[in-house]
Amino acid sequence: WGAERWADEYQVRLLNNVAIFITLAVAYNLINGVCGQLHLGPNAFITLGAYTAALLTMTPAEKTLNFLVTPLYWPLSQATLPFPAALLAGGLVAVAFGLLTGFPVFRVRGDYLAIVTLGFGEVVRVLANNLQGVTNGPLGLKGLYPYTNLWWSWGVAVAATAVVTLLVNSSYGRALNAIREDETAARAMGINTFRHLLGAYLLSAFFFGVGGGLLAHLITTISPSLFTFFLTFNLLIIIVVGGLGSTTGAILAAAGFTLAGEWLRIVEEPTAIFGFTIPGIPGMRMVILSLALLLVIIFCRRGLMGRREFSWTGLGRRLRGGVSGSAPGPGKP
């Protein structure tokens, strides 16, 4: 409430972006970091959630204005839902797609799983580009109402973090960790690896879909070009830098990556220093980001957090250790 009251529009939008990417990163870290499965298709679920939520919040009149070339198919042309229900529908559609693709996906592992999920992501993007009676094709959807605010974006981010944390700390999460470390040994111990991986896959798909709906109603204009593999690549960078398997690392990296990407725009603009004008260099923002990521990978090979998680107990222990370590011991000057 305070941020929306005192911050300007740009700052509020930036905070919303941070929250949405935290949701997406935490969901992505569940399947890639906790389960250890190289999943390269989150853009497919984000696309489904974004289009589902967008179509269900638009009024019939708005849909008519958008679908000028090919009319929107019934019943989508008449269906309208409140924003919370539309977000839930976006998540459920993503889960349905996850259930449909989960059976072929988890028949393979490693590089093959990465290729299969990458293929599904491209299939969804191509369908979104060509199904004009559903998605309006390359024209996309415009004029969406900006329902996404700090309450919704951060509420979903907190919910996603809480659900994933509870799951990881449960017996189900310990089974996922066992699968990541040695799937054959986990299966020998009686763990149903397919059922556990599918459950994590569907949970991450749900939050991808909800995050896509939030993203659509933040930028208010969506098209298939928004949901390319580049979106998946950004999420992959975030969870690797944060530390595969660490929810805390995913949160920190998502916030840092989003904020740095915006703040570094200044290097692409002309700047005057001591009377000298330094011309902006297009693309320099990505060069600096790339160098920063390179340094992180070189000096923190397991990411910023590794597989560690934040805890107040651990923080207190570190602080006590630092204080006791700085104080002179008995008999020392």
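Residues numbered from 1 in each chain as written. Predicted model: local features only at pLDDT ≥ 70, side-chain atom pairs only at ≥ 80, totals over all residues. Heavy atoms only, no water.

**Details of the confidence of the model for the chain**
For step 1, the next point in the chain: Taken over all residues, the pLDDT of the chain has a mean of 87, while the share at 70 or more is 89%.
For step 2, the next point in the chain: Contacts of residues 329-333 to residues separated by more than four positions or lying in other chains number 1 contact, the stretch itself having pLDDT below 50. (pLDDT = per-residue confidence, 0-100. Contact = heavy atoms within 4.5 Å.)

**Some thoughts on the side chain of Ser223**
For step 1, the next point in the chain: Structurally, Ser223 can be placed in the loop between α11 (193-219) and α12 (229-242).
For step 2, the next point in the chain: Looking at Ser223, its side chain comes within polar contact range of the side chain of Ser225, at 2.9 Å.
For step 3, the next point in the chain: The residues contacting Ser223, other than those within four sequence positions of it, are Tyr51, Pro138 and Gly140. (Helix = DSSP H or I, 4+ residues; strand = E, 2+ residues; numbered from the N terminus. Polar contact = N/O pair within 3.5 Å; in protein donor to acceptor, adjacent residues only side chain to side chain.)

**Remarks on a nonpolar patch on the surface**
For step 1, the next point in the chain: A grouping of Val287, Leu291, Leu294, Leu295, Ile298 and Phe299 is seen on the molecular surface, where their side chains present a nonpolar patch of about 610 Å² in accessible area.
For step 2, the next point in the chain: Among the structural elements, Val287 can be located in helix α14 (residues 284-299). (Patch = residues over 30% accessible without salt bridge, like charges linked within 9 Å, V, L, I, M, F, W, Y side chains within 5 Å. Areas by Shrake-Rupley, 256 points an atom, 1.4 Å probe, with all protein chains shown as cover. Salt bridge = Lys/Arg side-chain N within 4 Å of Asp/Glu carboxyl O.)

**Digging into helix α13 (residues 247-263)**
For step 1, the next point in the chain: Here α13 contains 17 residues, and its C-alpha end-to-end distance of 24 Å stays within 8% of the 24 Å for a straight helix at 1.5 Å per residue.
For step 2, the next point in the chain: When we look at burial in α13, the residues that qualify are Thr247, Thr248, Gly249, Ala250, Ala253, Ala254, Ala255, Phe257, Thr258 and Gly261.
For step 3, the next point in the chain: In the core, the buried residues of α13 are packed alongside α2 (9-34), α8 (150-168), α12 and α14.
For step 4, the next point in the chain: Two or three places before Gly249, at the opening of α13, Ser246 has a side-chain oxygen 2.9 Å from that residue's backbone nitrogen. (Expected span 1.5 Å × (residues − 1). Buried < 20%, exposed > 50% of the residue type's maximum accessible area, 1.4 Å probe, protein only.)

**With respect to the pattern of salt bridges**
For step 1, the next point in the chain: Under the definition given, this model contains 5 salt bridges.
For step 2, the next point in the chain: Linking Glu183 and Arg109 is a salt bridge whose minimum nitrogen-to-oxygen distance equals 2.7 Å. One end of the pair, Glu183, is in helix α10 (residues 183-188); the other, Arg109, is in the loop between α5 (83-105) and α6 (111-130), with 74 residues separating them in the sequence.
For step 3, the next point in the chain: By relative accessible area, Glu183 is classed as buried at 16%.
For step 4, the next point in the chain: A salt bridge links Arg180 to Glu181; the shortest N-O distance between them is 3.2 Å.
For step 5, the next point in the chain: Taking the relative accessible area as the measure of exposure, Glu181 reaches 52% and is therefore exposed.

**Re the packing of aromatic side chains**
For step 1, the next point in the chain: With the rule as written, the count across this model stands at 13 aromatic pairs.
For step 2, the next point in the chain: Judged by centre distance (5.4 Å) and plane angle (90°), the ring pair of Phe83 and Trp152 falls under edge-to-face. Separated by 69 residues along the polypeptide, Phe83 in helix α5 and Trp152 in helix α8 bring together distant segments of the chain.
For step 3, the next point in the chain: The exposure class assigned to Phe83 is buried, which follows from its relative accessible area of 4%.
For step 4, the next point in the chain: According to the relative accessible area criterion, Trp152 is partly exposed, its value standing at 31%.
For step 5, the next point in the chain: Relative to Phe194, the ring of Phe103 lies with its centre 5.4 Å away and its plane at 40°, an arrangement referred to as tilted. Highlighted residues: Phe103 in helix α5 and Phe194 in helix α11, separated in sequence by 91 residues.
For step 6, the next point in the chain: Aromatic rings pair up to connect Tyr28, Phe45, Phe97, Phe106, Phe120, Tyr201 and Phe208 into one cluster. (Phe/Tyr/Trp six-rings, centres within 6.5 Å; stacked < 30°, edge-to-face > 60°.)

**Here's the deal with α2**
For step 1, the next point in the chain: Compared with an ideal rise of 1.5 Å per residue, which puts 26 residues at 38 Å, α2 spans 36 Å between its outermost C-alpha atoms and is within 8% of the ideal.
For step 2, the next point in the chain: Largest kink in α2: about 30°, centred on Tyr28.
For step 3, the next point in the chain: For α2, the buried fraction is high: 21 of the 26 residues fall into the buried class. (Bend = angle between axes of the 7 residues up to and from the residue.)

**Details of the packing of α2 against helix α9 (residues 171-181)**
For step 1, the next point in the chain: Running from N to C, α2 and α9 cross one another at 50°; their axes reach a closest spacing of 9 Å. By the criterion of interaxial angle, the relationship of α2 to α9 is oblique. Two secondary-structure elements touch here, α2 through Leu30, Gly33 and Val34 and α9 through Leu176, Asn177 and Arg180.
For step 2, the next point in the chain: Classifying every residue of the contact of α2 with α9 by side-chain character gives 3 nonpolar, 2 polar and 1 charged. (Axes fitted to C-alpha atoms, helices over the stretch in contact; angles between N-to-C directions. Parallel < 35°, antiparallel > 145°, perpendicular 65-115°, else oblique. Nonpolar A, V, L, I, M, F, W, Y, C, P; charged D, E, K, R; others polar.)

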